Amino acid sequence: MESPSDNRTGDPAGNRSEIRDFLISRRAKLTPERLGLPTSRRRRVPGLRREEVAALAGVSTEWYTRLEKGHIGGVSEDVLEAVAQALLLDEDERTYLLELARAARPARRRQRRKDVKIPASVQWMLDSMTVAPAFVRNGRLDIVADNALCRAVYSPMFGSDTTGDRGCANFSRYFFLDPGSRDFFVDWEEGARATVAVLRAEAGREPNDRALRELVGELSTLSPDFRTMWASHDVRIRHEGVKRLNHPEVGPLEMTFRSLDLPLPQRTLHDLIIYTAEPGTPTEDRLRLLASWTAPRTSVTEPIRPPN
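Residues numbered from 1 in each chain as written. Predicted model: local features only at pLDDT ≥ 70, side-chain atom pairs only at ≥ 80, totals over all residues. Heavy atoms only, no water.

Caption draft 1: Seen up close, the side chain of Arg26. You can see Arg26 is positioned in helix α1 (residues 15-29). A relative accessible area of 3% means that Arg26 is categorised as buried. Reaching out from Arg26, the side chain makes a polar contact with the backbone oxygen of Ser232 at a distance of 2.6 Å. (Helix = DSSP H or I, 4+ residues; strand = E, 2+ residues; numbered from the N terminus. Buried < 20%, exposed > 50% of the residue type's maximum accessible area, 1.4 Å probe, protein only. Polar contact = N/O pair within 3.5 Å; in protein donor to acceptor, adjacent residues only side chain to side chain.)

Shown next, in the form of structure tokens:
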């Protein structure tokens, strides 16, 4: 059995503590009853013991203890898969654990990611969607490209002080730093938790992203709600479903949204998000009303007359 290596040179700052806290948080969520383990012994803390997880994963307690301390750099994906199965990790959590392991390996360390310019063809595609709000967001949840209807639907966020001089709206800043977001988002807490979980997954995928670390630091300093949700170590790779908003001008909106990967140069992965309303619903009518307000006005010119 291989042992977790102590790869100090390959450990990005905070990587080891992220691994430790994530594994401990997942272990604390499990109960012996859920896994069919004996429950007769008195337990001082909730969740499984390390030795129980180790037995389920087929490794020694000493080995798993070192792994839970963050020594993950030399561990194979097969062994991590066994640990993920023992902890009943879902697909997003499993992916996150593997990303943390890759980030801890010197040979797999990558250069700091750079922001890229969105190609004009992507903006043309967004602009062609006149009755569907659509936008492109990066891993830090900045809106880096959008169409007119998106700006109309999310006008409170685009007009928020949290956007200000930054040049682009950011979902996490709006959720946690603008009190008006609680009125705008009908399901505020659900959306806030999903936002934090997406940021957590991005932090595992891109540990060298300085702007992301600064964003997390800013939100942790200014928002107790963010600090609490960040400490839960929940992760989500993709966020899609139903979005319910209280729009200040047209009223309630209930839309379905889907997320599509949009690969760009320099390893950069963005999401294309498209919102739609069920046909025949009040939301569809309200989106069409917003679209009519944002439609470009065409100038009226004298018709061309055929030559005599």
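Caption draft 2: Layout of the pairing of strand β3 (residues 241-247). Relative to strand β4 (residues 251-263), β3 runs antiparallel, the two being bridged by 7 bridges. From the neighbouring strand, Val242 faces β4, where its bridge partner is Thr256. Hairpin geometry of β3 and β4 is characterised by an intervening segment of 3 residues between the two adjacent antiparallel strands. (Pairing = 2+ DSSP bridges.)

Caption draft 3: Focus on helix α4 (residues 61-68). Looking only at α4, the buried set comprises Trp63, Tyr64, Thr65, Leu67 and Glu68. Looking at the buried positions of α4, the neighbouring elements they touch are α1, α3 (50-57) and α5 (77-86). (Contact = heavy atoms within 4.5 Å.)

Caption draft 4: Region of the structure containing the nonpolar core. The biggest cluster of nonpolar side chains holds 40 residues, and the ones touching the most others in it are Val153, Tyr154 and Phe176. Of all the elements, helix α12 (residues 188-205) adds the most residues to this core, at 5 residues. Not counting residues within four places of it along the chain, the set of residues in contact with Val153 comprises Pro133, Phe184, Leu245, His247, Leu253, Met255, Leu287 and Leu290. (Core = buried A, V, L, I, M, F, W, Y, C linked by side-chain atoms within 4.5 Å.)

Caption draft 5: Here's a closer look at the pattern of salt bridges. If you walk through the whole model with that rule in mind, you get 23 salt bridges. As a salt-bridge pair, Arg151 and Asp146 come within 3.3 Å of each other at their nearest N and O atoms. Classification of Asp146 by relative accessible area gives buried; the value is 13%. The shortest N-O distance in the salt bridge between Arg182 and Asp225 comes to 2.5 Å. Here Arg182, found in helix α11 (residues 181-184), pairs with Asp225, found in helix α14 (residues 224-231); they are 43 residues apart in sequence, far enough to count as distant. With relative accessibility at 44%, the residue Arg182 sits in the partly exposed group. A residue is classified by how much of its surface remains accessible, and Asp225, at 34% relative accessible area, is partly exposed. (Salt bridge = Lys/Arg side-chain N within 4 Å of Asp/Glu carboxyl O.)

Caption draft 6: Molecular detail of the packing of α5 against helix α6 (residues 91-103). Two elements in contact, α5 and α6, have axes separated by 10 Å at closest approach and are oriented at 145 degrees. Helix-helix and strand crossings are classified by hand; for α5 and α6 the assignment is right-handed. Within the contact between the two elements, α5 uses Glu77, Leu80, Glu81 and Ala84 and α6 uses Arg94, Leu97, Leu98, Ala101 and Arg102. Across the contact of α5 with α6, the residue classes break down as 5 nonpolar, no polar and 4 charged. (Axes fitted to C-alpha atoms, helices over the stretch in contact; angles between N-to-C directions. Left-handed = near helix turned anticlockwise from the far one by under 90°. Nonpolar A, V, L, I, M, F, W, Y, C, P; charged D, E, K, R; others polar.)

Caption draft 7: Layout of the packing of α3 against α4. Put simply, α3 and α4 touch, their axes get as near as 8 Å, and they point 110 degrees apart. Comparing their axes, α4 and α3 come out roughly perpendicular. Here Arg50, Glu51, Val53 and Ala54 of α3 come into contact with α4, specifically with Thr61, Tyr64, Thr65 and Glu68. Classifying every residue of the contact of α3 with α4 by side-chain character gives 3 nonpolar, 2 polar and 3 charged. (Parallel < 35°, antiparallel > 145°, perpendicular 65-115°, else oblique.)

Caption draft 8: A look at unusual backbone geometry. Despite not being glycine, Leu88 shows a phi value in the positive range, around 55 degrees. Along the chain, the position of Leu88 falls in the loop between α5 and α6. For Leu88, a relative accessible area of 36% puts it in the partly exposed group. Even without being a glycine, Leu141 presents a positive backbone phi close to 70 degrees.

Caption draft 9: Local environment of the side chain of Asn138. Within the fold, Asn138 resides in the loop between β1 (134-137) and β2 (143-146). Look at Asn138 and you get buried, because its relative accessible area is 9%. Within polar-contact distance, the side chain of Asn138 engages the backbone nitrogen of Arg140 at 3.0 Å. In contact with Asn138, other than residues within four places in its own chain, are Val144 and His270.

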